[in-house]
Structures are given as C-alpha cells and as structure tokens.
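# Coordinate inspection notes
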Amino acid sequence: MNNPKKTNEFVYFALKNKKVLLGFSIILIFVLLGLIGPMINHNKPLDYVDPTGAHPPSADYWFGTTFFGQDVFSQLVNGLQATFLVGLLGGGIGTLMGMLIGFVAGYRGGIVDEILNAFTNIVLVIPTLAVLLIIAAYLQVRSVVTESLFIGFTAWPWAARAIRAQTFSLRNREFVDLARMTGMKSLKIIVTEIAPNMLSYLVLTFILQFGGAILNAATLDFIGLGPTNTISLGLMMQYSVLWGALQLGSWWWFIPPGLAITIIVGALYSMNVGLDEVFNPKLREL
Amino acid sequence: MLRYFGRKLLIYALTFFLAVSIDWMIPRFMPGNPVQNMLARVTVTQTTAASQKLYAYYSHLFGLDVPLWQQYLTFWNNLIHGNLGTSVYLFPTPVTKVLQNAVPYDIALLVPSILLSWYAGNKFGAFAARSKWLDNTVSPLGYILTATPYMWLGILLAWLFGIVWHIFPIAGAYSFLMLPNLSWSFVGSLLQHWFLPFASLFLVGFGGQAIGMRNLIIYELEADYATYLEALGAPKRLIRNYAFNNALLPQITGLALSLGVVVAGALVTEVVFSYPGIGYLLLAGIQNQDYFLIQGCFLFIIIGVLLANFIIDVAYVMIDPRTRRGMTGGTA
C-alpha cells in the first residue's frame, strides 16, 4: 500500500490546501518563537527584573511586566516550550494507548473486544479531568513531564474507540485475509497491513490529541495543579487572575497566554480539517 | 428494550464502582499522607510525643489505622449512608452539606448552557454546511471558539464586560450587599451574576457543536440517498432536512461524550468568576488540602455525569429505535 506515487499525491494536495498551509505555518511560527525567544530575550521567566509594579508593553519589555516585575514576553516564550512538550508527549501517549487498545480490540474481536470495549466505555464516561485533579492534588512536586504523562494516560479512550471502529471495518477485507492465510503473525498484520491503511486517520487522531492535551494542561495549570518548578501558559493565566490583573487592567498579562493557546489549538484544528480534505477526495471540492 | 437498558445499567454500575474505587485509592496510594500533610500545615513536627498522639488521634478519626480492605469497606458503607466526611476547610460542616449549597449554582449554569449551545450550534452548523459564504464565516469562528480555553474566554469576558464597560459584575453569585431572599431585586442580581459565566460556557460549546454538525451534514450530503434524491429532482430543502435528521443522532452521542469536557470547563469558569459552585469549592479544597472536600466534589461530578449520560441514553432510544437492535445485535 505504500507506493511512492500516492504519497506524492498527498503531499501535492496538502501543499495546495490553504487550511493545512495556514495551520502548519502558524504552528511553525510558534515553535520557532518558543525556541528562539529565550535566546534573544535573556530575562529568566520567573526573575523579578523590574520590581516596580506592572508596566504596559514597552521597548524594554515587549509584552510588559507582571505585577511583580517579571518579563511577560520571557514567560510567554518559555511557556510555549512547556505547551508544545505537553502536546507532543501527552498527545503522543494518548494516541499510542488508543492505538494499542483500538487495534487489539478491533482486530481480535470476540471476548477480548468485549472486555476492552467495556473498559473503554467506562473510562470514557468518567470525566478524566476530575481524575487528573485529584491525582495532581496529592502530588506535591509536579513537572511538565509528569503532567503530560497523566494527561496522556487519561486521554486515550476517544482515540481507542475511533481506531477500534476503523480496524473493525478493515479486518475482514481481502488483503488482510490474504495476509492471514500466508501465516503472518497478528502483530505483523496490524503493523504492515492495517495501520498503513488508516495512517491518515492516525495522523488526524494525533493532531486532535495534541490539541486536547494542550487545553487539558491549561485547565490543570489554571486551577493551581500545574508544574511546580517552571512556567507555562496556563500558570501565567492563573497568576494573572490570582494577583488581580483583571482589576488592575493589566491586559498585557492575561491576553497573550490565552491568545497563544487559542491560536495554536485553532491552527491544529485547521490543519485537521485541511488534512481531512486531502485524505478524503470527496470533501475536496468547494 | 429491557436487555438494552440492562446492559447500559451494568456499564453504569461498573463505571460508578470503578470511579468510586479510584476516588478511594488515590489518596492511599499516592506519595505523602493526608494526616501528615494536615499536621505539617499547622507546623506540628513528628518528633514530640504530643504530635505522635495527635497523629494517632487523627489517623483513628479518619479511619486510616485499620487494614486497607477494612478501610475500603468502611468507605463504601459510609458512602451508602450518605456520609462523605467532614470538610477541613469549612470545619465542622459535613461535606454533603457543603455540596448541597453549591449544586444549585452548577445546575443553573450547566443545564441551560449545554442545552442552548447544543441547539443553537446544531442549527447554525447545519446552515453553514455547503453554503459558501456562511461556511467561510461560521466555520472559522466555530473553530476559534472550540480552541479557546474556557478560562481565557471567561477572563476576557470578565475584563471587557466587567472592568472596561462596567455592564456585568464579575464575582460571586449575587451582590455582596444582599442576603438571599425572594425579591425581584435579588433574582435580578442572581441573573446579572449568572450571565457572564453562562455566556462563556455557551460560546465554547456553541463552537464545538456547530463544527460537529457542519462536518456531519457534509458527510450526509455525500451519501447515496442524498445523491439519489437530487437525481430525482427533490428540492434542496427536503434533502437538507433528511441530512439534518440523520446527522442529529451522532450529535446526541457526541453530547454525551463531551459532558466531561463541559464539566471541566464549568469548573475553571466558576474559578474565574468566583461563582460558588462545585468548581469553586474544588479550588478551595485543593488550596486548603481538604481531601474530603476534594473527594466529595469528585464523587458528585461522577454522579452528575453518569446521570446526564443516562438521560441522554434514554432520549436516544426514544428518538432512534435502531439503537435497540444495534445494541443487542452487538455490531460495531
């Protein structure tokens, strides 16, 4: 199924699709900002560089300073790193777990499917954020990595369910039967026959999990259960509300982090829709 | 029918059991010890005899000095009798009482915002699908709204409408100058304070629903029945109506699945607006390391979500008789 011509076709349509291009460029810009930002701005995000109260954006501090005189721009670019780390790690784990459970349930069928499906349905109904909240509440020291792990390990049911349904429909196709007849091992059939045929689907799942992990992390951070040893976009929002940025009118403190999250997640969604059109020719016109 | 609901109820019972067990397990298997944390908070160290006595006393009070299996059984027993422990933060109010005072605010916030955003989002999404200029305006707006973190939209609304334009109050459930009573001015104050949190929940939900509906309609309009109707020369309106009805079913399932996200959104929205619902309590519980309050809030959220899911399940069966067959037939 992996012929080079088809891959080229996807690349061609992806490069012609405005939604994909727009989403991808926005993500790229933010990644670069997160990587280069700390190099051109030497203020540490949590240092009190100008402790004379909150100042609006100026030539010295591009995005102004917080109530305690921390550099908002520095917090933003460093927070972006945490955001992308959570997205990659949390979204990645969520997708992998979903693949593992979805593939096994969909391919095996029968009693294995029944059990895994019941388990997925159960976890799907439990509001995962509530579980995350109590886990985080009991952990005294938290890092961005532990946060991503928890988010990833609670976000998989969506993915598992979708992947299971897709696997289910592919399982009895001729080429899979053929592979089974040649005596291929189940694992190999899943990896070489089934997974490539739903690669587009897996890519879309990962993008959605990536965005979901970012939003979940923002929620956790905002409620005070974020990483304890660093800065993140959600923590910026928490501090700004906690220290009365609203009442003091320090808009430069609370607008950038939320706006950055909205734009990043929006760009991911845009990429998702665009790629859907690329992979599914029926949606392409219009 | 009976079998379908029997199966559903079994899943719900299992879910409840698992959730409650998680609720019990987390504090006991996490690093750290609630009693020690509590004593550390009032700077009691472990060395003196007095503190050891205190530790033993509190361990006994919270039932932490017996074997794990016994703790587990006691936990369930207390739960069945409606006992969720005593709040540390609002000592000595029982957690159930604290929750009782908070729940009406949650219901007032969640029920209208979920239902209205679902209704309006579906209508708008259906309009937007396959109509060029609407699709180019509504869809991007919908995507931006769903991508917005709940609390940030809340912060933005609070800042614009509360601080800059002074239209709505931004904290509390009613004016600080009032005591709860049955008068028009009090109801007005309640509504005023309710509006902004409601609006931020509504807007994010609206975006998600509109997008979902738009995408579903596009898939439906690509289906064979739509092409066939078109070939027969059926009016566009009729085809769209069929597509809408068919797309509504997955949207109902989608609503059930998104409840957890909405509830989480409500938690942070309440924090932004200091709205005294479960979310606000939860934050207080976390900040004060009030484990019983945290557990109570968690349990309450679980029960609420399960109940809402069940209602949606019943509604689904009433709307679409096919599900009965689908469930008992065991197809994907």
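Criteria and cut-off values
- Residues numbered from 1 in each chain as written.
- Chains lettered and ligands numbered in written order.
- Predicted model: local features only at pLDDT ≥ 70, side-chain atom pairs only at ≥ 80, totals over all residues.
- Helix = DSSP H or I, 4+ residues; strand = E, 2+ residues; numbered from the N terminus.
- Buried ≥ 20, exposed ≤ 12 C-beta atoms within 10 Å, placed from the backbone.
- Contact = placed C-beta atoms within 7 Å.
- Nonpolar A, V, L, I, M, F, W, Y, C, P; charged D, E, K, R; others polar.
- Core = buried A, V, L, I, M, F, W, Y, C linked by C-beta atoms within 7 Å.
- Expected span 1.5 Å × (residues − 1).
- pLDDT = per-residue confidence, 0-100.
- Axes fitted to C-alpha atoms, helices over the stretch in contact; angles between N-to-C directions.
- Left-handed = near helix turned anticlockwise from the far one by under 90°.
- Arc of directions from axis to C-beta.
- Parallel < 35°, antiparallel > 145°, perpendicular 65-115°, else oblique.

### Here we look at the overall build of chain B
Looking only at helices and strands, one finds 13 helices and 0 strands in chain B. Reading chain B from its N terminus to its C terminus gives the helix and strand order α-α-α-α-α-α-α-α-α-α-α-α-α. Taking the principal axes of its C-alpha atoms as reference, chain B extends roughly 90 × 55 × 40 Å. Looking at chain B as a whole, 34% of its 332 residues qualify as buried. At a minimum sequence separation of 6, the contacts of chain B that also span at least 24 residues come to 71%.

### Thoughts on the overall build of chain A
Counting secondary structure elements, chain A contains 12 helices and 0 strands. Counting helices and strands in the order they occur from the N terminus, chain A gives α-α-α-α-α-α-α-α-α-α-α-α. The C-alpha extent of chain A, read off along each of the three principal axes, is 75 × 45 × 30 Å. Buried positions account for 49% of the 286 residues belonging to chain A. Here the contacts in chain A between residues at least 6 apart in sequence split such that 72% fall between residues at least 24 apart.

### Here's the deal with the interface of chain A and chain B
The partner chain B presents 44 residues to the 43 residues of chain A that form the contact. Taken together, the elements giving at least two residues each to the side of chain A that touches chain B come down to helix 4 (110–125), helix 5 (128–138), helix 6 (144–171), helix 9 (199–225), helix 10 (233–242), helix 11 (245–248) and helix 12 (251–279) of chain A. Residues that form the side of chain A that touches chain B fall into these classes: 31 nonpolar, 11 polar and 1 charged.

### Quick notes on the nonpolar core
The biggest cluster of nonpolar side chains holds 154 residues, and the ones touching the most others in it are A:Leu133, A:Ile214, A:Ile223 and B:Ile155. Per-element tally for this core: the top contributor is helix 12 of chain A, with 15 residues. Non-local contacts of B:Ile155, meaning those with residues more than four positions away in its chain, are made with A:Met237, A:Val241, A:Leu246, A:Phe254, A:Gly258 and B:Val272.

### Brief notes about helix 7 (residues 150–164) of chain B
A rise of 1.5 Å per residue sets the reference length of helix 7 of chain B, with its 15 residues, at 21 Å; its end C-alpha atoms lie 20 Å apart and thus fit the reference within 8%. Buried within helix 7 of chain B we find B:Tyr150, B:Met151, B:Trp152, B:Leu153, B:Gly154, B:Ile155, B:Leu156, B:Leu157, B:Ala158 and B:Trp159. Contact partners of the buried residues in helix 7 of chain B: helix 9, helix 10, helix 11 and helix 12 of chain A together with helix 8 (184–222) and helix 10 (236–272) of chain B. Once helix 7 of chain B ends, the next one or two residues include B:His166, with phi positive near 55 degrees.

### Quick look at the confidence of the model for chain A
When the pLDDT values of chain A are averaged, the result is 86; 96% of them are 70 or greater. When pLDDT is averaged over each element of chain A, helix 3 (residues 72–108) of chain A comes out on top at 93 and helix 1 (residues 4–16) of chain A at the bottom at 74.

### Focus on the packing of helix 9 of chain A against helix 10 of chain A
Helix-helix packing is described using two parameters, namely the angle between the two axes and the distance between the axes. Residue and element names in this part refer to chain A. Two elements in contact, helix 9 and helix 10, have axes whose closest approach is 7 Å; the angle formed by their N-to-C orientations is 30 degrees. Between helix 9 and helix 10 lies a crossing of right-handed hand. Of helix 10, the residues touching helix 9 (which contributes Ala217, Ala218, Leu220, Asp221, Phe222 and Gly224) are Leu233, Gly234, Leu235, Met237 and Gln238. Here the contact of helix 9 with helix 10 is built from residues that sort into 7 nonpolar, 3 polar and 1 charged.

### Things to note about unusual backbone geometry
Residue and element names in this part refer to chain B. Here His166, not a glycine, exhibits a phi torsion of approximately 55 degrees, which is positive. Within the element layout of this structure, His166 appears in the loop between helix 7 and helix 8. A positive phi is found at Ser274, a non-glycine position, where the angle reads about 45 degrees. Within the fold, Ser274 resides in the loop between helix 10 and helix 11 (278–287). With 16 C-beta atoms counted inside 10 Å, the residue Ser274 sits in the partly exposed group.

### Observations concerning helix 8 (residues 186–197) of chain A
Residues and elements named next belong to chain A. If you check helix 8, its first and last C-alpha atoms are 16 Å apart, about what 12 residues at 1.5 Å a residue would give, namely 16 Å. Taken residue by residue, helix 8 has Ile189, Ile190 and Ile194 as its buried positions. Along the axis of helix 8, the buried positions cluster into a sector of 95 degrees, meaning they face one direction only. Of the residues in helix 8, the exposed ones pointing more than 90 degrees away from the buried face are Leu187, Lys188 and Pro196. Contacts from the buried residues of helix 8 go to helix 3, helix 6 and helix 7 (174–181).

### Quick word on the packing of helix 9 of chain A against helix 12 of chain A
All names here are of chain A. Contact geometry for helix 9 and helix 12: axes closest at 10 Å, N-to-C directions at 170 degrees. With respect to each other, helix 9 and helix 12 are oriented roughly antiparallel. The interaxial crossing formed by helix 9 with helix 12 has left-handed handedness. Residues Ser200, Val203, Leu204, Ile207, Leu208, Phe210, Gly211, Ile214, Leu215 and Ala218 of helix 9 form the contact with helix 12, whose own contacting residues are Ile261, Ile264, Val265, Leu268, Tyr269, Met271, Asn272, Leu275, Asp276 and Phe279. Looking at the contact of helix 9 with helix 12 residue by residue, the classes come out as 16 nonpolar, 3 polar and 1 charged.

### Focus: the confidence of the model for chain B
Residues and elements named next belong to chain B. Per-chain confidence: chain B averages 83 in pLDDT, with 91% of residues scoring 70 or above. Averaged over each element, pLDDT in chain B is lowest for helix 13 (residues 322–329) (54) and highest for helix 7 (92). Taken over the whole predicted complex, pTM reads 0.88, whereas the ipTM for its chain interfaces reads 0.87.

### Let's talk about the environment of A:Gln81
Looking at the element boundaries, A:Gln81 is found in helix 3. When the C-alpha positions of A:Gln81 and A:Ala159 are compared, they lie 25 Å apart, and in sequence the two are 78 residues distant.

### Side note on the environment of A:Leu199
Structurally, A:Leu199 is set in helix 9. Residues A:Leu199 and A:Glu114 lie 85 residues apart in sequence; the distance between their C-alpha atoms is 25 Å.

### Some thoughts on the environment of B:Tyr280
All names here are of chain B. For Tyr280, the location among the structural elements is in helix 11. What makes Tyr280 buried here is the crowd of 23 C-beta atoms within 10 Å. Measuring from C-alpha to C-alpha, the distance between Tyr280 and Gly304 comes to 16 Å, with 24 residues separating the pair along the chain. Leaving out residues up to four positions away in the same chain, Tyr280 has contacts with Glu270, Val271, Ser274 and Tyr275.

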